[in-house]
Each structure stands twice: as structure tokens, then as C-alpha cells.
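# Examining the three-dimensional arrangement
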Amino acid sequence: MGREGYAPLFETKPGNGRMIYRMFAASVLAAICMVCYYRATQKPWKEEDDPKINWAWMTLFGCEIWFGIYWIATQGPRWSRVYRSTFKDRLIKRYSTDDLPSFDLFVCTADPIIEPPLMVINTVLSLMSYDYPPEKLSVYLSDDGGSELTFYAMLEASKFSKYWLPYCRKYSIEPRCPAAYFNSTPIPVGAAHDEDLASIKKLYEEMENRIETSTKLGRVPNEARAQHKGFSQWNSNSTRGDHDAIVQILIDGRIPDAKDVEGRRLPTLVYLSREKRPQHFHHYKAGAMNALIRVSSNITNAPIILNVDCDMYSSSSESLWDALCFFMDEKQNQQIGYVQFPQNFKNLTKNEIYGGLLRVTAEWEFHGFDGLDGPMYIGSCCFHRRDILCGRKYSKDSVVEWKAQSERVEGTVQELEQKAKELASCTCEYNSQWGKEMGVRYGFAVEDIATGLSIQCNGWKSVYYNPKRVAFLGLPPTTLTQILVQRIRWSGGDFHVLLSRYCPFWRGHKKISLLQQLAYCNYLLWPCNALPSLIYCIVPSLYLFGGISLFPEVCSKWFLPYAYIAISTYSYSLLEYLWCQGNILGWWNEQRVWLYKRTSSDLFAFIDTLLMLIGRSNLKFEITAKVTDDDSSKRYENEILEFGNTSPLFIIVSTIALTNLFCLVVGLSRVVLHGGQKMLWERMGFQIMLCIALVLINLPLYEALFLRKDKGKMPSEVTMKAVGFALLGCSCSSFLLTT
């Protein structure tokens, strides 16, 4: 299309209220400076040299300096929010089918127990069902568990797809994940639809029964094993961590015979389990992704790659068209390296008991990233240009020829599979740049952050697109243990990136903007908040227990900046959450989980990362479980916090909660017994309010410690330890502060 008749395929609009927010942020920063000035100039030891007070005063001073620094970092993803919309109708009119690029769609799974095969193939089928020319679609499953059960489920999915795809096209259904569609109680339109719905649902339930029966028994039916040569790839010596590369092209979309029941072409479908050997480190998900990139380049070699987690099914059949609006816009596409969609979650409780939606991150912070150099790569729901993911650097002279890049690889199925096995071998990456300057980066628990940053430092921009209809839906963690363990991996991985050569201030110097560097640090600095948060949750309360004030009196002018920071930031946080379609109780729950993450998960991540850097700890990749037992599920649905194990994380949060409860009770009892309520309030008003807030937010925890009888209550062992540590802390504090 000529430039004279150019019409953009997407538009970008600035977020409302940006100037108001910037004025608010400046006022908070001014108040932070006043607090620091107060700590530096109003020294209590001017009048008396008391080391007990001096130590606490200087400790809080250090914490407040750090909170000020982190506040500045949090402004990166909030400073320049933008919102984007696409014009898919223009794209469809402008390009013929022959001119459209092909897509390789990646799904990663690693454990058939934690990630059930039925869930995995539902995600695969949702991707196969995109409203896009099927001959230009290829779906790859990377099974790092090397499981026959997962392969069997894929074989079943390949058969079911011949019926499922025509049904999706005929009735234009949404979503196109079978399990999600049938659970949504679809309403047929007419007798013919009613009959087709009953038929396709019966086929799905039969497939579901076969897969679940096989999974429960832990073996593949003999009749299925005899029907497909792929099962011969497993032998008695094969284990999850020690087996040959397995590549099976289940549907070869290149050939005209690969058709559904209506005679339409089917997408290519490939199963991959890369070679694993005990003596070779496999780099977890990053290694699986790089194997997928190499193997797919040998089979279909599509110029655009989408990767999703195995629980993150497609909820919109038009997402590919949305992504193409960014990649194929004639004037604005040249510098776009990847398009990141948000991760959204189903099965959330009304008030989001664990804050699992990441609501503010998706609806607010990432739009702020998009107004800078673009969002981070978050490891899922992301469309990449293949050449850029493989290390290509940006050049103003580069021109994208999508049609030329979409040519299929020639060869028989057997030839392609054999070559792909070589590309999925353990030794394929030796003496290469894979994991360094090519593909997904190695060495981090959060390989996605390092990869996205490297792409942006190579000169490319990224785009964040948050459509009205949710594009992808996944499963959130449904227990507090899952939430906190997941946070350890994320937080520790982020901190590791900060301390590595991928640090935004080092790697991104003169390559990405300073605000973009700060935006990254909003997440990379999570572990550094652990100690200041822990100190602020404990020290003021212990000094309240001892009757010693650490903050300005309520009637003092210096009380105002403290009050302004507390009231304004939490009021803004609430408004931000409500603007993102949350509710007040959901925000309160998120504050509780935020506190637990800061004082336990981030602390463990901080310590473990430092130990790892000196060789005292090994990098671990923990897979978040996608299944829970029935009792836990019922408690989750009823919004009851799940504890139920003796994790040291729970000992920390319980000890903090009980310490604040004991300190508040003792502090207030002194007022009742000895009078002087007004004097105590004036001297220690801020400490009392802080302690009350911490007690209120921990009410469900106190219930789990002392009142609940269900299996999700806090174990007695944790309760006894937490009570002992809290009493010991209060007793020692009282002794030291009164002598």
C-alpha cells in the first residue's frame, strides 16, 4: 500500500491524569525528604547519649532513606502510561492470505503430576483453534518431563482437533479451549447447534475419560501404544532426567492430506522432549525454549513465535490479528521486537484472597512501561519476531519481508524429525551463543527478564497490548504456600539479574532510558525491601512495648510528613486498585499478602541469592503446582487462608504478627492501669497506629493460629515456635530497654 493512502494499524493514546500523578509523586518525594531531614537533625542523643535509642533511631533512618530510594524506582512504570488499540479490519483488508506471516506457537510443560496432561492439551487445542489460516499455524509442545502420558494426551488431541476446529469455525465460539468452553455452559442457537454441541461434548468427554484414566493408572493403553510409532521412543531405561531426544510430528500441516472432517487444512502439531542426561545441565525452561526455537526452525520456521505456559490457554481467537497490527504497520513496525500481552487468571475469588490477579501490574504498571521503551518480557503470552529472539540487532535500514520469511522447510517427516533430534540434543549448544547472545538467556530463575532486557538493549522496542477481551487465561496459585514459594523464585531471580551483567544500569547504559532502567528496578529491588520492611514491622512495636518513642509527637510539625506519606500513598494505592476494577476488600487482602511476601519470601530470596553468588547455594527452578486437593480448593473458594504446613516462611510471618499483638496489648494496658492516655497518644501516636494496622491486617493469621480446626490451620509446631520467638523478643526488648 502506498504511503499516500497510509492508515495506521494501531494507535497509541496517553493515559489520563499523568500530570496530576506527577504532582502527587513530587509531593510524596518532598515529604520523604522532610522525614529524612527530621531524622538527621532531630537527634535524640543531643540531649542524652542513650545507645539503645540511638541504634533504633539510626536503623529507622536507614530504612526511611531506602524507602525513599525505592519510591523513586516505583515511578518508572507509572510516569508515562499509554494505552493502545488495534484496527484489525484494516489489516484484513490490506493483506491477502498469501501475504500473511506464519506463526509458531510454543507450549511448555515440565511435570505431568503438577501440570496434568489434560490441562496441557486444552491449552494446545485453544492455540490450534485460532481464527487464522490453519496452514500458517504450527503448535509445538515442549515436554521437559519426557512423559508418555503427555505424548498420549497429545495424540488424543490431534484426533479430537479434526472435530473441534470445524465446530469452532462454524459457530464462532469463544473461548476455544474445550474445557473452558464446556464449563461456561454454552447456549445452543437452534436445533442444529444443539445437536452439534451434544456431539462434540460427547467426543470431548470420551477423550477426557481416556486421558484421566491413563494418568491415574500411570500407563498408556496397549491399543494406543500399538497405533503410533512414537511410543517406541520410550524404553525401560528412559527416565525424566535421562533419555534421548524425542520429536514426533503428529500433524504435518504442509501436506494437503492433513485435513479435518470438513476437508479444511489442519495446523502442524509437534511433540518435543529434548535430550536429557545427568551430566548435562539443562537450564530449565530457558533450555526448553531454545530447543523449541531450533527445532521449529527446522520444521516450519515461522517468522513470529508465541510462547505460553501450559496452563495459559487462549481466550480470544483474534489475538494473532492483534499482534500483526503491530508487526505489520508500515510506518511504526520497524523497531518492534515483541508484543507482550498480560497474564490474566480465572478461578479467582470475589475478593482475591491472595491478590493473585496482579491487577495493578497488568492494568497500570505495564502501561507505564509501554510509554517508555516497552514492557518487560514476562515469559508467557508474548509474540516475538524469530530473528530478534535469535540475537539480531536493530538497524534503521532493516526491512521486514514477512512473505519471504514464511517459506516452509522442505523434507519428509522422517527427515525433519531426525534433524530436529540433533537440534534437541544436549551437545547442540556447545561452543555456541545459545543462552548468551541468542535465544532465551541462561543462568537466571527469571530468564524472561534478562532476555527482554537484552532485546531492548539491542535497539528494539516492545509493545504492551491489553485488549478488552482477555487474550490469555491461566490458573493462579490457590494456597499461600504456592504464592510465597513462587515469590521466592521471582524475587531471587530478579535480584540475581540486578547483580549480574544484565543489570539495567550496566547493560542498559546509553541503550535504554533512565526511566526504563528505574522501571526494571521496581521489580529487581524486591529482595532489598525485605530487611527495611522487617525492621519497620518489629522495631517500633518493640519500643512501644518498652514505652520509648521513635517518631515525632502528634502535635509536632514533624508529624505531618509522616502522616502525609502514610495517608496519601495508601489512599493512592486504594484508588489505583479500584480504578483497575478491584474492590476495597480485595485491596486489603493484597496488602496482607504484600506484607507476607516482603517479610518472608523476599528475605529468603535476598539471603539465597547472596549465598548463590558465593557458591553456597544452587539455583533452583520451582514449578508452581496447578492442582490442589479438594479440601484446599473449598477453603480457597470460601476465601479462607491456607497454611497447613510447617514452612519457615510461616514461622516468620506468625512471629511478626504475634510480636505486634503482644506489644499492642502491653502498651495499651499500661495506659489503662497507669493513666496518661493523652500523654501516651501524643508521644507515641504513630507507633500505636502502626502497631494497630499490623494487628488488624493479621486477624486471619491469628484465627489460623488459635481458633481454626480445619486442616488449613496453622500447625501446632509453627504456633509454638512463633509464640516462643515473639515472647522471647518482647522479653529481651523489655529487659534491654529498661536497664
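Before any of the text, the structure's been laid out above.
A few points on the structure.

This part is about the packing of aromatic side chains. Pairs of aromatic rings are described using the distance from one ring centre to the other and the angle between the two planes. Throughout the structure, instances matching the rule amount to 51 aromatic pairs. One aromatic cluster is present, built from ring pairs that chain together Tyr 37, Tyr 38, Trp 57, Phe 67, Tyr 536, Phe 551, Trp 558, Phe 559, Tyr 562 and Phe 686. The ring of Trp 57 has Arg 39 lying over it, and the distance from NZ or CZ to the ring centre is 4.5 Å. Taking the ring centre of Tyr 577 as reference, the NZ or CZ of Arg 359 above it sits at 5.6 Å.

The next point concerns the pattern of salt bridges. Side chains that differ in sign of charge can pair as their charged atoms come close. Within this structure, the stated rule accounts for 36 salt bridges. Between Asp 196 and Lys 170 there is a salt bridge; the shortest N-O distance is 3.0 Å. Placement of the pair is Asp 196 in helix α7 (residues 191–217) and Lys 170 in helix α5 (residues 148–171), with a sequence separation of 26 residues. Relative accessible area serves as the criterion here: at 23%, Asp 196 is assigned to the partly exposed category. Its salt-bridge partner being Glu 437, residue Arg 501 comes within 3.9 Å of it at the nearest N-O pair. Of this pair, Arg 501 sits in the loop between α16 (480–498) and α17 (504–507) while Glu 437 is found in the loop between α14 (413–423) and α15 (447–457), placing the two residues 64 residues apart along the sequence. Classification of Arg 501 by relative accessible area gives partly exposed; the value is 43%. Its relative accessible area of 30% is what places Glu 437 among the partly exposed residues. Taken together, the shared-partner salt bridges connect Asp 242, Asp 244, Glu 275 and Arg 277 into one network.

Here we come to helix α1 (residues 18–41). Helix length check: α1, at 24 residues, gives a terminal C-alpha distance of 35 Å against a target of 34 Å (1.5 Å per residue), a fit within 8%. Every buried residue belonging to α1 is among Tyr 21, Phe 24, Ala 25, Val 28, Ala 31, Ile 32, Val 35, Cys 36, Tyr 38 and Arg 39, and all of these are buried. Residues of α1 that are buried make contact with α2 (51–74), α19 (530–545) and α20 (559–579).

Where strands meet in a sheet, backbone hydrogen bonds hold them as pairs that are either parallel or antiparallel. Reading across the sheet, the eight strands line up as β5-β6-β4-β3-β7-β11-β9-β12 and stay open at both edges, with mixed pairing between neighbours. Edge positions in the sheet fall to β5 (246–251) and β12 (461–464), since each of these pairs with one other strand and no more. Going from strand to strand, the sheet's axes swing by 20° on average, the running direction of each strand aside. Relative to strand β4 (residues 137–143), helix α4 (residues 117–128) is tilted by about 165°, and along the sheet it contacts β3 (103–109), β4, β5, β6 (268–273) and β7 (304–309).

Tracing the chain through its elements places Gln 340 in strand β9 (residues 336–340). Since its relative accessible area comes to 0%, Gln 340 is described here as buried. Of note is the side chain of Gln 340, whose polar atom sits 2.8 Å from the backbone oxygen of Ser 380. Aside from chain neighbours lying at most four places away, what touches Gln 340 is Pro 375, Met 376, Tyr 377, Ile 378, Ser 380, Cys 381, Cys 382, Val 463, Tyr 464 and Tyr 465.

This brings us to the nonpolar core. Of all hydrophobic cores here, the largest spans 77 residues; its most connected members are Trp 164, Phe 383 and Phe 472. When residues in this core are grouped by element, the largest group, 12 residues, is from α5. Leaving out residues up to four positions away in the same chain, Phe 472 has contacts with Tyr 130, Leu 306, Val 308, Met 312, Tyr 313, Ser 314, Ser 315, Phe 341, Asn 344, Cys 381 and Phe 383. Counting residues in each nonpolar core, the second largest holds 44 residues, with Leu 480, Leu 544, Ile 652 and Ala 657 among its members.

Conventions we followed
- Residues numbered from 1 in each chain as written.
- Predicted model: local features only at pLDDT ≥ 70, side-chain atom pairs only at ≥ 80, totals over all residues.
- Heavy atoms only, no water.
- Phe/Tyr/Trp six-rings, centres within 6.5 Å; stacked < 30°, edge-to-face > 60°.
- Lys NZ or Arg CZ within 6 Å of the ring centre and 35° of its normal.
- Salt bridge = Lys/Arg side-chain N within 4 Å of Asp/Glu carboxyl O.
- Helix = DSSP H or I, 4+ residues; strand = E, 2+ residues; numbered from the N terminus.
- Buried < 20%, exposed > 50% of the residue type's maximum accessible area, 1.4 Å probe, protein only.
- Expected span 1.5 Å × (residues − 1).
- Contact = heavy atoms within 4.5 Å.
- Pairing = 2+ DSSP bridges.
- Axes fitted to C-alpha atoms, helices over the stretch in contact; angles between N-to-C directions.
- Polar contact = N/O pair within 3.5 Å; in protein donor to acceptor, adjacent residues only side chain to side chain.
- Core = buried A, V, L, I, M, F, W, Y, C linked by side-chain atoms within 4.5 Å.

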